[in-house]
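Residues per chain, in single letters:
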Amino acid sequence: MAKKEATPNMVEQFAEFKELKNIDKTTMISVLEESFRNVLAKMFGTDENLDVILNPDKGDVQIFQNLTVVPDGEVTNPNLEISLSDAQADDDPDAEVGEEHTKEIFFDKFGRRAILNLRQTLQSKILDLQHEAVFEKFKDLEGELVSGEVYQTWSRETLLLDDEKNELLLPKSESIPGDFFRKGETVRAVIANVDNKNNNPKITVSRTNEQFLRRLFELEVPEIHDGLINIRAVARIPGERAKIAVESYDDRIDPVGACVGVKGSRIHGIVRELRNENIDVINFTANPSLFIQRALSPAKVSSIRLDEDEKKAEVFLRPEEVSLAIGKNGLNIKLASMLTGYTIDVYRDTEDSFEEDIYLDDFKDEIDEWIIEALKNVGFVTAKSVLNAPRDMIIEKADLEEETVDNILAILRAEFED
């Protein structure tokens, strides 16, 4: 009776676990066999001479003990040997000394303690498997967006539960300033780190990680999700401000416009999720000078001197533009440095004639736009920055014809002569 109730029930319980946790059949059989062998090894001192045959689909478990036949009265270890007369009496009348005799063991006859030990061993193996499955699943998801329901909040961290009741830890240090969560509220974050110390998976999530901003844009902007727009760089000061550089692989798509959406429809949802964190979206360029200029927006740069080896940039601006470049509490220049990878130093242009300078964009009626862009790409933003540069340097750096450069210089000089 015990055999029919206890052992098959444990097999059925494991089959149910298998279905819930997607444990494959081979692993299921292996864990069952290992559990039986662990318990049997404690009972018999060894499991080396035991055969455990499992049929999980039917719930059948058969255990056979292989014993060496020895002369009567010479059995020294009944777990390894059997007397000749006992072997012959156990359905093996042709048994001979030195041969192997196989004896079936009925596990239920060992009593409730053995069955309880087996159940506990099996549960322990199942728990280990469950922990390994959780670790492997979430390790592959590092950097991905997840949602969890707030289960409990402490002073230093918040415990979230996902749809499968897996525990996600959101430390205070990984929360956006101003985050306040109520029990039962759904919270989004990215998986920042997964470790498995002592086979006890710990899943840490973050809302301050730059990957969180990336995933939110992927969620809100279909062109990013579909690979038509690529996020090239992200810089964040959580809860305050962020800058994100994007580029399009399709000339027909305006990457900045697509990310912002009509009347800000796409970016507004992201801003709300980030507790009103201001987000600047700019066009990426591989030209470091132009990239720095765009990163310092809304300030308008007059000229730039770069040290590409040291990753340093000296940026010159009109006096009224300096405060815009630095930004409130230095946020704008700090984010621009983070985004571009350059150390940026801002300088006031103190030339007396600087106030009379004119941005090249104001000459679009006289100079082709592609020529203006070529000049801006190498750091020339204003008319005087071009006029003050050596003619040969302009030709070389902007890759323009001599005649074209001479025409540009003539137009710019005429403006100031007037």
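For the structure, see preceding data.
Residues numbered from 1 in each chain as written. Predicted model: local features only at pLDDT ≥ 70, side-chain atom pairs only at ≥ 80, totals over all residues. Heavy atoms only, no water.

Novice: Could you clarify how one ought to interpret helix α8 (residues 265-273) in this entry?
Specialist: An α-helical turn contains 3.6 residues, so a residue and the one three or four places further along point in the same direction. Among all positions of α8, only I267, G269, I270, V271 and E273 are buried. Contacts from the buried residues of α8 go to β8 (186-195), α5 (210-220), α7 (255-260) and β12 (278-283). Looking one or two residues past α8, R275 carries a phi angle of roughly 60°, positive in sign. (Buried < 20%, exposed > 50% of the residue type's maximum accessible area, 1.4 Å probe, protein only. Helix = DSSP H or I, 4+ residues; strand = E, 2+ residues; numbered from the N terminus. Contact = heavy atoms within 4.5 Å.)

Novice: What should I look at first to understand unusual backbone geometry in this one?
Specialist: What is expected of a backbone is that most residues other than glycine have negative phi and most peptide bonds are trans. The step from S297 to P298 runs through a cis peptide bond, and the omega angle for that step is 15°. Position of P298 among the secondary structure elements: in the loop between α9 (288-295) and β13 (301-307). We note that K165 has phi near 65°; this positive angle belongs to a residue other than glycine. Mapped onto the elements of the fold, K165 is located in the loop between β6 (157-161) and β7 (167-171). Even without a glycine there, the phi angle at K263 is positive, about 55°. The topology assignment puts K263 in the loop between α7 and α8. For K263, a relative accessible area of 80% puts it in the exposed group.

Novice: Would you take a moment to explain the packing of aromatic side chains for this structure?
Specialist: The geometry of an aromatic ring pair is captured by two quantities: the separation of the ring centres and the angle between the planes. A full pass over the atoms with the stated rule returns 2 aromatic pairs. Measuring from centroid to centroid gives 5.0 Å for F284 and F291, while their planes differ by 70°, and the two rings are edge-to-face. Between the aromatic rings of F316 and Y347, the centroid separation amounts to 5.5 Å while the plane-to-plane angle is 25°, which identifies the pairing as stacked. Of the two residues, F316 sits in strand β14 (residues 312-317) while Y347 sits in strand β15 (residues 343-348), which places them 31 residues apart along the sequence. Classification of F316 by relative accessible area gives buried; the value is 14%. Using a relative accessible area of 34% as the deciding quantity, one classes Y347 as partly exposed. When the ring centre of Y151 is taken as reference, the NZ or CZ atom of K183 above it lies at 4.3 Å. Note that K300 overlies the ring of Y359, its terminal NZ or CZ placed 5.2 Å from the centroid. (Phe/Tyr/Trp six-rings, centres within 6.5 Å; stacked < 30°, edge-to-face > 60°. Lys NZ or Arg CZ within 6 Å of the ring centre and 35° of its normal.)

Novice: How should the nonpolar core be read in this particular structure?
Specialist: Proteins that are soluble and globular tend to have nonpolar side chains buried together. Ranked by size, the top nonpolar core spans 25 residues in total, and within it A245, I292, L296, V315, L317, L339 and I344 carry the most contacts. For this core, the secondary structure elements donating two or more residues are β10 (229-237), α9, β13, β14, α10 (319-326) and α11 (331-340). Take this core: its biggest share by element is 5 residues, from α11. Ignoring sequence-local partners within four residues, the contact set of V315 consists of I292, L296, V301, S303, I304, I344, D345, V346 and Y347. (Core = buried A, V, L, I, M, F, W, Y, C linked by side-chain atoms within 4.5 Å.)

Novice: Would you mind going over the packing of α10 against α11 with me for this structure?
Specialist: Two quantities define a packed helix pair, namely the angle between the helix axes and the distance between the axes. Where α10 contacts α11, the axes come no closer than 5 Å and their chain directions differ by 65°. Of the possible angle classes, the one that applies to α10 and α11 is roughly perpendicular. Contacts between α10 and α11 involve L324, A325 and I326 on the former and, on the latter, L331, N332 and I333. (Axes fitted to C-alpha atoms, helices over the stretch in contact; angles between N-to-C directions. Parallel < 35°, antiparallel > 145°, perpendicular 65-115°, else oblique.)

Novice: I'm lost on a negative patch on the surface in this one. Help?
Specialist: Where like charges cluster on the molecular surface, the negative patch consists of D128, E132, E136 and D140. On the secondary structure map, D140 appears in the loop between α4 (112-139) and β5 (145-153). Judged by its relative accessible area of 66%, D140 falls in the exposed class. (Patch = residues over 30% accessible without salt bridge, like charges linked within 9 Å, V, L, I, M, F, W, Y side chains within 5 Å. Areas by Shrake-Rupley, 256 points an atom, 1.4 Å probe, with all protein chains shown as cover. Salt bridge = Lys/Arg side-chain N within 4 Å of Asp/Glu carboxyl O. Lys, Arg positive; Asp, Glu negative; His and termini not counted. Charge placed at Lys NZ, Arg CZ, Asp CG, Glu CD.)

Novice: Which parts of the structure should I look at to understand the pattern of salt bridges?
Specialist: Pairing between side chains of opposite charge can happen when their charged atoms approach one another. With the rule as written, the count across this model stands at 26 salt bridges. Across the pair R215 and E144 runs a salt bridge, and its minimum N-O distance is 3.7 Å. Linking R215 in helix α5 with E144 in the loop between α4 and β5, this pair joins segments that are 71 residues apart in sequence. E320 is paired through a salt bridge with R318; the nearest N and O atoms lie 3.9 Å apart. A relative accessible area of 47% places E320 in the partly exposed class.

Novice: What's the story with the sheet that holds β13 in this structure? I'm lost.
Specialist: In sheet architecture, strand pairing relies on hydrogen bonds along the backbone and comes in two forms, parallel and antiparallel. Strand order in the open sheet formed by 3 strands is β13-β14-β15, and the pairing between neighbours is mixed. Single-partner strands in this sheet number two, and they are β13 and β15. When strand polarity is set aside, the average angle formed by the axes of neighbouring strands in this sheet is 20°. Alignment of β14 against β15, held across 6 bridges, turns out to be parallel. If you follow F316 over to β15, its bridge partner there is Y347. (Pairing = 2+ DSSP bridges.)

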